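# Chain and residue survey
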Amino acid sequence: MITAASLRPLRVEQILRLLPDIDAMAPLRASVVSTSQVGSAVEPYLTVGKRFVEATDLRELVPMAVARFTKHLVELYDAAVEALEAMERSNLAGAARALLRAGRREEAVGRDTAARAWYEIALQVSEELRDRRPEFEALRRLGHLEATHGSLESAARLFQRSLVLAEAELDSESAALACQGLAQVALARGGTKGPESWFTRGLQFAKDHPRLAALLMIGRAEVACQRGDPEAAEAALRAASETGLDLADAEGQARLHNAWGLLDVQRGQQADALLHYQEALALARSGERNLRLEMEIRRNVCHLYLDWGRLPDAEDEIRRAEEMAIAHNLTRDLAHIYILIGKVRGRQRDETGFIFFEKAVELCRGREPSPRVEAEAYVEYGLFKEELGERDEAPAYFARAREILESLGDGTSLARVDEQLARAPSA
């Protein structure tokens, strides 16, 4: 006879092995992850796969998962039908906008591959329009997806195409947004001259759009921090605060405080940076919550504690970020978090930290691959090995990162990895 005492909760990894990784099971798989628990005793080397779920609780998860999936499908079908009705009325602009809405809905739940499909159809429809605004948005949306997944060359082409069209149509706001996208791509490639020039050009288009101008100023400040120019960064942030971020704009204010935190880190003022990050978090969580921004700020806090040498605080903060990433199924962010925990373990000379790098790599190879984050995981894995004195093992991880970056065509990051390989013992 089976009793309650004889039932044992299952590990997340056990459950996911039994549930096929197919669309029909995706909502239930996501629910398993987001509702998992750490168990009675917190394990220091716990990753998401080792968390627990009561199998009997899945009975209660099923209707919730079905309800979320159904709501999502209804929204997609509504957008699809709206697009068809618009086409029937020869309203191609309305059809393109409906398709873009469906893509944004898919992107919001982390289904980037599906979002790309909607955006590509929207782009095809919008190319036939006299009103080019839907085409600008489709190109930018595709550009952001490509950049997120590490295809920087493709992202740059999409943003550049959007910019050219926006300039031709005298659409200053769309042109400024395209410049912002190009600046972010240039930042990901490394260096500061490229991003600085794109932010500056974007500001020329954003004269009549104060909030967008303020966000571009914040971008310039972050570039100034990277090149070690705190005076220019402070000037840009003060200009941003005076340009177009009112007190009701919680997200904009959060981005501003986050940038002040980065500047304080640059100046070695860790306590002030922490206060700015805490204010940024409070703002990001108010109003319409921006999960991606909140995760970005939380990772900055983690880096602050790590660089500050406050390793216990770093781990506490990282674990809080992990809980959030798990609860909201932010897989790419979770991979970043495990890389950070691995770095903490390296500072502690704890060889079992390899668990977190391995998990980060695994997450990057899921349904929505993240090759750029995977390459980062391998680079940090190699540095982790060096920190433990296992220098002969590090080149293999750097070489794997190099293979991924080469496939992405990222010459700048390749050069940095080649520097690591050049100083490795086997080089």
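Quick caveat: nothing in here was measured; it's all calculated off a predicted structure.

## Considerations on the overall build of the protein chain
For the protein chain, the count of helices and strands is 20 helices and 2 strands. For a compact globule of 427 residues, the expected C-alpha radius of gyration is about 22 Å, and the protein chain comes in at 23 Å, within 12% of that figure. Dimensions along the principal axes, computed over C-alpha positions, put the protein chain at roughly 70 × 55 × 45 Å. Accessible surface for the protein chain amounts to roughly 20,700 Å². Of this, 52% is attributable to carbon and sulfur atoms. The positive charge centre, built from 56 side chains, and the negative charge centre, built from 69, are 1 Å apart in the protein chain.

## What about unusual backbone geometry?
Its identity as a non-glycine residue notwithstanding, Ser90 has a phi of 60°, on the positive side. Topologically, Ser90 is positioned in the loop between α3 (58–88) and α4 (92–108). For Arg349, which is not a glycine, the phi torsion comes out positive at approximately 55°. With respect to the element layout, Arg349 can be found in the loop between α16 (331–347) and α17 (354–364).

## Points about the packing of helix α14 (residues 291–308) against α16
The contact between α14 and α16 brings their axes to 11 Å, and the two run at 5°. Taken as axis vectors, α14 and α16 run roughly parallel relative to one another. Of α16, the residues touching α14 (which contributes Arg292, Met295, Arg299, Cys302, His303, Leu306 and Asp307) are Arg332, Asp333, His336, Ile337, Leu340, Lys343, Val344 and Arg347. When the residues that make up the contact of α14 with α16 are grouped by side-chain class, the tally is 6 nonpolar, 2 polar and 7 charged.

## Things to note about helix α8 (residues 172–189)
One full turn of an α-helix is made of 3.6 residues, so residues set three or four places apart face in the same direction. The terminal C-alpha atoms of α8, which comprises 18 residues, lie 26 Å apart, in line with the 26 Å expected from a rise of 1.5 Å per residue. Looking at α8, one finds that the buried residues are Ser174, Ala175, Ala176, Ala178, Cys179, Gly181, Leu182, Ala183, Val185, Ala186 and Leu187. Contacts from the buried residues of α8 go to α6 (133–148), α7 (152–168), α9 (193–205) and α10 (210–226). In the stretch just after α8, Gly190 is the one whose phi turns positive, near 100°.

## Side note on α6
For α6, which comprises 16 residues, the first-to-last C-alpha distance of 23 Å matches the rise-based estimate of 22 Å (1.5 Å per residue) to within 8%. Here α6 has its buried residues at Pro134, Glu135, Phe136, Glu137, Ala138, Leu139, Arg140, Leu142, Gly143, Leu145 and Glu146. For α6, the elements touching its buried residues are α4, α5 (112–126), α7 and α8. The first or second residue beyond α6 is Gly150, which carries a positive phi of 95°.

## A word on the packing of aromatic side chains
This model, assessed by the stated rule, comprises 6 aromatic pairs. Taken together, a centroid distance of 6.2 Å and an interplanar angle of 10° make the contact between Tyr305 and Trp308 stacked. Taken as a pair, Tyr305 and Trp308 lie in helix α14 at a separation of 3 residues, close to a single helical turn. For Tyr305, a relative accessible area of 9% corresponds to the buried category. With a centroid separation of 6.4 Å and an interplanar angle of 55°, the aromatic rings of Tyr381 and Phe384 are classed as tilted. With Tyr381 and Phe384 both in helix α18 (residues 371–387) and 3 residues apart, the pair spans about one turn of that helix. As far as the burial class goes, Tyr381 and Phe384 line up, both buried. Site record: aromatic cluster; members linked through ring pairs are Phe357, Tyr381, Phe384 and Tyr397.

## Description of the environment of Glu323
Tracing the sequence through the fold places Glu323 in helix α15 (residues 311–327). Considering only alpha carbons, one finds Glu323 and Gln37, 286 residues apart in sequence, at a separation of 9.6 Å. Residues contacting Glu323, with those up to four places away along its chain left out, are Val38 and Arg51.

## Considering the side chain of Lys359
Its location among the elements puts Lys359 in helix α17. Polar side-chain contacts of Lys359 include one of 3.1 Å to the side chain of Glu362. Lys359 has contacts with Thr47, Val48, Gly49 and Tyr338, leaving out every residue within four places of it along the chain.

## A word on the pattern of salt bridges
As enumerated under the stated definition, the model contains 49 salt bridges in all. The salt bridge involving Asp350 is made with Arg345; its shortest N-O contact spans 3.9 Å. Each member of the pair, Asp350 together with Arg345, is buried. Among the ionic pairs, Arg402 bridges to Glu406, the shortest N-O distance being 3.5 Å. Of this pair, Arg402 and Glu406 are both found in helix α19 (residues 394–408), 4 residues apart, which corresponds to roughly one turn of the helix. Overall, the relative accessible area of 25% leaves Arg402 in the partly exposed class.

## Quick look at the packing of helix α12 (residues 250–266) against α14
One can describe the packing of α12 onto α14 by two numbers: an axis separation of 11 Å at closest approach and a directional angle of 15°. The angle between the axes of α12 and α14 places the two elements in the roughly parallel class. Two packed elements cross with a definite hand, and for α12 against α14 that hand is left-handed. Packed against α12, whose contacting residues are Glu251, Ala254, Arg255, Asn258, Leu262 and Val265, the element α14 presents Leu293, Glu296, Ile297, Asn300 and Leu304 at the interface. Residues of the contact of α12 with α14, tallied by class, amount to 6 nonpolar, 2 polar and 3 charged.

## Observations regarding the environment of His149
Among the secondary structure elements, His149 is positioned in the loop between α6 and α7. Note: C-alpha distance between His149 and Glu368 (219 residues apart in sequence) is 8.7 Å. In this view, His149 contacts Asp112, Arg116, Arg332, Glu368, Pro369, Pro371, Arg372 and Leu408; residues no more than four positions away in its chain are not counted. Engagement of the side chain of His149 in a polar contact is seen with the side chain of Asp112, the distance being 2.7 Å.

What counts and how
- Residues numbered from 1 in each chain as written.
- Predicted model: local features only at pLDDT ≥ 70, side-chain atom pairs only at ≥ 80, totals over all residues.
- Heavy atoms only, no water.
- Helix = DSSP H or I, 4+ residues; strand = E, 2+ residues; numbered from the N terminus.
- Rg over C-alpha atoms; globule rule 2.2 N^0.38 Å.
- Areas by Shrake-Rupley, 256 points an atom, 1.4 Å probe, with all protein chains shown as cover.
- Lys, Arg positive; Asp, Glu negative; His and termini not counted.
- Charge placed at Lys NZ, Arg CZ, Asp CG, Glu CD.
- Axes fitted to C-alpha atoms, helices over the stretch in contact; angles between N-to-C directions.
- Parallel < 35°, antiparallel > 145°, perpendicular 65-115°, else oblique.
- Contact = heavy atoms within 4.5 Å.
- Nonpolar A, V, L, I, M, F, W, Y, C, P; charged D, E, K, R; others polar.
- Expected span 1.5 Å × (residues − 1).
- Buried < 20%, exposed > 50% of the residue type's maximum accessible area, 1.4 Å probe, protein only.
- Phe/Tyr/Trp six-rings, centres within 6.5 Å; stacked < 30°, edge-to-face > 60°.
- Polar contact = N/O pair within 3.5 Å; in protein donor to acceptor, adjacent residues only side chain to side chain.
- Salt bridge = Lys/Arg side-chain N within 4 Å of Asp/Glu carboxyl O.
- Left-handed = near helix turned anticlockwise from the far one by under 90°.

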